[in-house]
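# Structure assessment
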Amino acid sequence: MKLQEVGVLTVLTCRSDKELIGYTFFNIFNGIRFPDCKTAREDLYYIKPEFRGQGLGKKLFIETEKLLKDKGANQVIFTTKTYQDHSHIFESLGYEFYEKQFSKKL
C-alpha cells in the first residue's frame, strides 16, 4: 500500500462480479540514462486458469496501459516466461521484442 501511495507501484485488478480473477503489478521509475523516460516495468500479471482464452488478459493489459499513461509512464515493459510464452499477446498490442533477460537464483 505504501508503494502505491508514493507512486512507485501500480496495481490493476480484474474481477468477475466481486471475485478477483486477475491482476497486473507494475513498478514505475524514471530512467537513469534517459531522464525523460518514465518506465513502467511489469512485475506480475495473472488471470485465473478458468478465465483464460476469453481475451480478458488482453483487455487487462489495455486497461493497464491506460492507467500507466495516466500516471505519467511513457514506456511499458512486459516480460514473458520461455516456458509459458505470451509473446503473441504483446505483439498483437504493438509491443516489440528488443531485449533478452537472463536469470540466476542465488
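As a reminder, the structure under discussion sits directly above these lines.
Here's a quick rundown of the structure. These numbers come from a predicted model, not from an experiment.

As a further point, take the sheet that holds strand β4 (residues 75-77). One open sheet holds the four strands; their spatial order is β1-β2-β3-β4, and the pairing between them is mixed. Every other strand in the sheet has two partners, leaving β1 (9-16) and β4 as the edge strands with one partner each. Looking at each pair of strands side by side, their axes are set apart by 25° on average, direction ignored. Looking at chain direction, β1 and strand β2 (residues 19-30) are connected through eight bridges and run antiparallel. The partner of S16 across the bridge, within β2, is E19.

Where nonpolar side chains cluster on the molecular surface, the patch consists of L3, V6 and V8 and spans about 260 Å² of accessible area. In this structure, L3 sits in helix α1 (residues 2-5). Among the residues examined, L3 registers a relative accessible area of 46% and is labelled partly exposed.

Following the criterion strictly, the structure yields eleven aromatic pairs and no others. Ring plane angle 85° and centroid distance 5.3 Å describe the contact between Y45 and F61, whose orientation is recorded as edge-to-face. Within this pair, whereas Y45 is found in strand β3 (residues 38-47), its partner F61 is found in helix α2 (residues 56-70), the two being separated by 16 residues in sequence. Judged on exposure class, the residue Y45 and its partner F61 are both buried. Ring geometry for Y45 and F78: centres 5.9 Å apart, planes at 75°, overall edge-to-face. Here Y45 is found in strand β3, whereas its partner F78 is found in the loop between β4 and α3 (87-92), with 33 residues between them in sequence. Taken as a pair, Y45 and F78 share a single burial class, namely buried.

Of the pairings in the sheet, the one linking β2 to β3 comprises nine bridges and is antiparallel in character. Within the sheet, the bridge partner assigned to Y23 lies in β3 and is Y46. Sheet topology places β3 next to β4; three bridges connect them, and they run parallel. Within β4, the residue paired with R41 across the bridge is I77. With α2 bridging β3 and its parallel neighbour β4, the resulting β-α-β unit is right-handed.

Thresholds applied
Residues numbered from 1 in each chain as written. Predicted model: local features only at pLDDT ≥ 70, side-chain atom pairs only at ≥ 80, totals over all residues. Heavy atoms only, no water. Pairing = 2+ DSSP bridges. Helix = DSSP H or I, 4+ residues; strand = E, 2+ residues; numbered from the N terminus. Axes fitted to C-alpha atoms, helices over the stretch in contact; angles between N-to-C directions. Patch = residues over 30% accessible without salt bridge, like charges linked within 9 Å, V, L, I, M, F, W, Y side chains within 5 Å. Areas by Shrake-Rupley, 256 points an atom, 1.4 Å probe, with all protein chains shown as cover. Salt bridge = Lys/Arg side-chain N within 4 Å of Asp/Glu carboxyl O. Buried < 20%, exposed > 50% of the residue type's maximum accessible area, 1.4 Å probe, protein only. Phe/Tyr/Trp six-rings, centres within 6.5 Å; stacked < 30°, edge-to-face > 60°. Right-handed = clockwise from strand over helix to strand, strands pointing away.

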